[in-house]
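Coordinate inspection notes
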Amino acid sequence: NLYYGDPFLQVANTLNILRRLYENKHTGPVIIITKGILKKELLTQISNFDLDIHFAFSTFGIDSLKYDINSKDSLLRNLDTISNTQIKRSIEFRPICYGINDSKEIIEDVFKIANRYDVAIGYSGLRGKPETQEYWKKNNLSYNQISLIV
């Protein structure tokens, strides 16, 4: 659903795609990657489709007026909204940018959020600053091991 951005900016189009998948008896996973706010009313509408829906809530890991407004706040709101449902969900930590959101503290905060809500984390754009890379080396973590930990 990449018609013109986030699925929650184009709710009618998103619901239409879900409806078409449902009508065609789609059996594979349907992953909705979003940074938008999941409202309970929309969650109810989406839940009416008998589909294997999975929400991948995108976050920059921090709220930053310069880089990504309300990213962490919307992640927490979305996880709270969906927490009492059986719908699958994960965190998409992306992009991880050198010198902006790649500090040990920011990464650990995202891990803590994932742990609190019992969700997996996907990531992209992993480029740690020298201190972060040194931490990985010191703890004998390769890129492959980091992805398994996540």
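A short tour of the structure in this document, coming up. Given the structure is predicted, the values throughout are model-derived calculations rather than measurements.

**Here we look at the pattern of salt bridges**
Should their charged atoms come close, side chains of opposite charge can pair. Scanning all chains against the criterion turns up four salt bridges. Between K72 and D109 there is a salt bridge; the shortest N-O distance is 2.5 Å. You can see K72 sitting in helix α3 (residues 71-82) and its partner D109 sitting in helix α4 (residues 104-117), a full 37 residues away along the chain. With a relative accessible area of 23%, D109 lands in the partly exposed category. A salt bridge links E108 to K104, with the shortest nitrogen-to-oxygen separation between them at 3.7 Å. Here E108 pairs with K104, and both are found in helix α4, just four residues apart, close to one helical turn.

**Points about the nonpolar core**
Core analysis: the biggest nonpolar cluster contains 31 residues, and L18, L38, I46, I53, F55, L79 and I91 have the highest contact counts within it. Looking at this core, the elements that each hand over two or more residues are α1 (11-23), β1 (29-34), α2 (40-47), β2 (52-59), α3, β3 (88-93) and α4. For this core, the element with the most residues is α4, which contributes six residues. Excluding anything up to four places from it in sequence, L79 contacts F57, R89, I91, I113, Y117 and V119.

**Quick word on the environment of Y135**
With respect to the helices and strands, Y135 occurs in helix α5 (residues 130-138). Assessed through its relative accessible area of 31%, Y135 is described here as partly exposed. Sequence separation of Y135 and K104 is 31 residues, and the distance between their C-alpha atoms is 8.4 Å. Residues within four places of Y135 in sequence aside, it is in contact with K104 and E108.

**Looking at the pairing of β1**
The two faces of a sheet get side chains in turn, since along a regular strand they alternate between them. A one-sided burial pattern is seen for β1, the buried positions being V30, I32 and T34 and the unburied ones P29, I31 and I33. Pairing between β1 and β2: six bridges, direction parallel. From the neighbouring strand, I32 faces β2, where its bridge partner is F55. For the segment spanning β1, α2 and β2, crossover handedness is right-handed.

Cut-offs and rules
- Residues numbered from 1 in each chain as written.
- Predicted model: local features only at pLDDT ≥ 70, side-chain atom pairs only at ≥ 80, totals over all residues.
- Heavy atoms only, no water.
- Salt bridge = Lys/Arg side-chain N within 4 Å of Asp/Glu carboxyl O.
- Helix = DSSP H or I, 4+ residues; strand = E, 2+ residues; numbered from the N terminus.
- Buried < 20%, exposed > 50% of the residue type's maximum accessible area, 1.4 Å probe, protein only.
- Core = buried A, V, L, I, M, F, W, Y, C linked by side-chain atoms within 4.5 Å.
- Contact = heavy atoms within 4.5 Å.
- Pairing = 2+ DSSP bridges.
- Right-handed = clockwise from strand over helix to strand, strands pointing away.

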